Number of protein chains: 2
Amino acid sequence: MIRTGFQVAARLGHRRALPGGPRVLPGLSPTSAFGSSVDSLVSIFCLKKTDFKDYALPNPSWCPDMLSLYQEFLEKTKTNEWVKIPSFKSNKDHIQGFKLPSELAVTSDKDDRRLFTRCIQVEGQGYEYVIFFQPSQKKSVCLFQPGPYLEGIPGFAHGGSLTALVDEAFSKTAYLAGEGLLTISLNIRFQNLIPLGSLAVMNIDVEKIEDQKLYMRCIIQSRDQQTVYAKSSGVFLQWPLEEESSH
Amino acid sequence: MIRTGFQVAARLGHRRALPGGPRVLPGLSPTSAFGSSVDSLVSIFCLKKTDFKDYALPNPSWCPDMLSLYQEFLEKTKTNEWVKIPSFKSNKDHIQGFKLPSELAVTSDKDDRRLFTRCIQVEGQGYEYVIFFQPSQKKSVCLFQPGPYLEGIPGFAHGGSLTALVDEAFSKTAYLAGEGLLTISLNIRFQNLIPLGSLAVMNIDVEKIEDQKLYMRCIIQSRDQQTVYAKSSGVFLQWPLEEESSH
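Described below are features of the structure shown in this document. Everything numeric in this text was worked out from a predicted model, so none of it was measured.

The next point concerns the relation of the copies chain B and chain A. Mapping chain B onto chain A calls for a screw motion: a turn of 180° about the axis and a shift of 0.0 Å along it, with 0.0 Å RMSD after fitting. As the rotation angle and translation indicate, the two copies are arranged about a two-fold axis. When C-alpha distances to the rotation axis are compared across chain B, the minimum falls at Asn187(B), with a value of 2.2 Å. Same-surface contact between copies: 100% of interface residues of chain B are shared with the interface of chain A.

Moving on, we come to the packing of aromatic side chains. In this structure the tally under the stated criterion is 25 aromatic pairs over all chains. When the ring of Phe116(A) is compared with that of Phe116(B), the centres are 5.6 Å apart and the planes differ by 50°; the resulting orientation is tilted. Here Phe116(B) lies in the loop between strand E2 (98-99) and strand E3 (127-134) and Phe116(A) lies in the loop between strand E2 (98-99) and strand E3 (127-134), a pairing that spans two chains. Residue Phe116(B) is classed as buried on the basis of its relative accessible area of 0%. With a centroid separation of 5.3 Å and 80° between ring planes, the pair formed by Trp62(B) and Tyr70(B) is classed as edge-to-face. Residues Trp62(B) and Tyr70(B) agree in their burial class; the two are buried.

Moving on, we come to the packing of helix H5 (residues 159-178) of chain A against helix H5 (residues 159-178) of chain B. It is the contact of H5(A) with H5(B), at a shortest axis distance of 8 Å, that shows an interaxial angle of 160°. It follows that H5(A) is roughly antiparallel to H5(B) by the angle criterion. Regarding H5(A) and H5(B), the two cross each other, and that crossing is right-handed. Note on element contacts: H5(B) touches H5(A) through Gly159(B), Gly160(B), Ser161(B), Thr163(B), Ala164(B) and Asp167(B), opposite Gly159(A), Gly160(A), Ser161(A), Thr163(A), Ala164(A) and Asp167(A).

What follows covers the interface of chain B and chain A. With 56 residues of chain B at the interface, the matching set in chain A holds 56 residues. Regarding the contact of chain B and chain A, the summed buried area is about 4800 Å², with carbon and sulfur atoms giving 64% of it. The interface formed by chain B and chain A holds 2 salt bridges in total. A salt bridge links Glu151(A) to Arg113(B); the shortest N-O distance between them is 3.7 Å. Remark: the boundary between chain B and chain A carries 22 residue pairs in polar contact (both at pLDDT 80 or more). Those elements that provide at least two residues to the side of chain B that touches chain A are helix H1 (5-16), helix H4 (91-94), H5 and strand E5 (180-190) of chain B. The greatest single-element share of the side of chain B that touches chain A, amounting to 10 residues, is contributed by E5(B). Tallied by class, residues from the side of chain B that touches chain A come to 28 nonpolar, 19 polar and 9 charged. Across 5 bridges, the pairing between strand E5 (residues 180-190) of chain A and E5(B) is antiparallel.

Cut-offs and rules
Residues numbered from 1 in each chain as written. Chains lettered and ligands numbered in written order. Predicted model: local features only at pLDDT ≥ 70, side-chain atom pairs only at ≥ 80, totals over all residues. Heavy atoms only, no water. Least-squares fit on C-alpha atoms with pLDDT ≥ 70 in both. Contact = heavy atoms within 4.5 Å. Phe/Tyr/Trp six-rings, centres within 6.5 Å; stacked < 30°, edge-to-face > 60°. Helix = DSSP H or I, 4+ residues; strand = E, 2+ residues; numbered from the N terminus. Buried < 20%, exposed > 50% of the residue type's maximum accessible area, 1.4 Å probe, protein only. Axes fitted to C-alpha atoms, helices over the stretch in contact; angles between N-to-C directions. Parallel < 35°, antiparallel > 145°, perpendicular 65-115°, else oblique. Left-handed = near helix turned anticlockwise from the far one by under 90°. Buried area = accessible area lost by both parts, 1.4 Å probe. Salt bridge = Lys/Arg side-chain N within 4 Å of Asp/Glu carboxyl O. Polar contact = N/O pair within 3.5 Å; in protein donor to acceptor, adjacent residues only side chain to side chain. Nonpolar A, V, L, I, M, F, W, Y, C, P; charged D, E, K, R; others polar. Pairing = 2+ DSSP bridges.

Structure (structure tokens):
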């Protein structure tokens, strides 16, 4: 049987009952206890790492709506009110310099792996998305344009493709907002189908942080907010990453 | 604003209040009313259509566990107790000879489109899965082996990739079990991470069919059932497809 974070989380249930008990996860060093400020997390994880390709950049497949809204948000990053979250090929690149808890350590690393939402490499065919994060309000906006390889009902994005991106956008937001690492649960309610090639705007925020869990919410709409595509909520487990020792 | 099935579904809410009202969806011909037997749906949608490639067939990337369980279920199809659901490149191929309701009709069809869970074409890199359906008990088993392009936490399948496949396996099962076409909602609760390249077994069933909705359930486990990866539930809207007229 594989030991993973969720099993640790299950044990955590007992810890929580201890009044005044330490709010660190079993097996983790107290030096990585919660409390890293959002600003410090942003400065660590949203730095321009020039050795990795950022996939969250405009390309010729982007529709005019996606491009113009991207430029609007990019403008807002100049005042530090918003931050653009870079998007690399793998989460391994995102957490470079940090290590996963030993429960999640993987021995083999031989494959060419990819973050699921960056699995399709040809521009415009799969996921086109970019996430902007606002540190002060712990909220994000994700611009999403589903390509023809994300089809469900002919002509429309598969509900599963939207749900997967909600999970991904939640997880990046949850980590920056409060070191949320693992999805515990996710709910989604669909209201309209997203036509392939069009823009959907996802507004994500953190409803609350309680008992080492982040409660996330998301509404997915057309740019003019006249069409609600779906509403979603999710719970993430807080789990700070430790810095890798330099020797 | 796009008119889709969900808006029809919203209108349906009023209809339901009418005692003894007709159980057909507005805008659909009464000749396509519910009541197609599971057996007739299976015979229409699970026939071998030799002009389409079936992606749910063993290939060299399959791990021994996946292959042996596939062969076990294939053996069961010989008695008609179980049926293997074929898996084509697009849902357009799955519903060949049938038409979508006009609310879901798409004018343009120029792109090379793919069903999201068949979006990665290289064997073993993305989704490897096959679904077997048992008509008499309205349940399915889906064998799932996530490839290295489905990564989330390094070394493990992205929660979103599992959720998307649950949605897909629900939808195929829901259509065969009772003409469930559109996902209304989906919930998933994760318990353990699935290592990339390993086998996860999804057991799906229909909890109930009520008020033109199918209530689906799924548990995702290791083959030996010692590790539960996740549990999920979903609600699907019944919506029979009409046969395309031949002229």
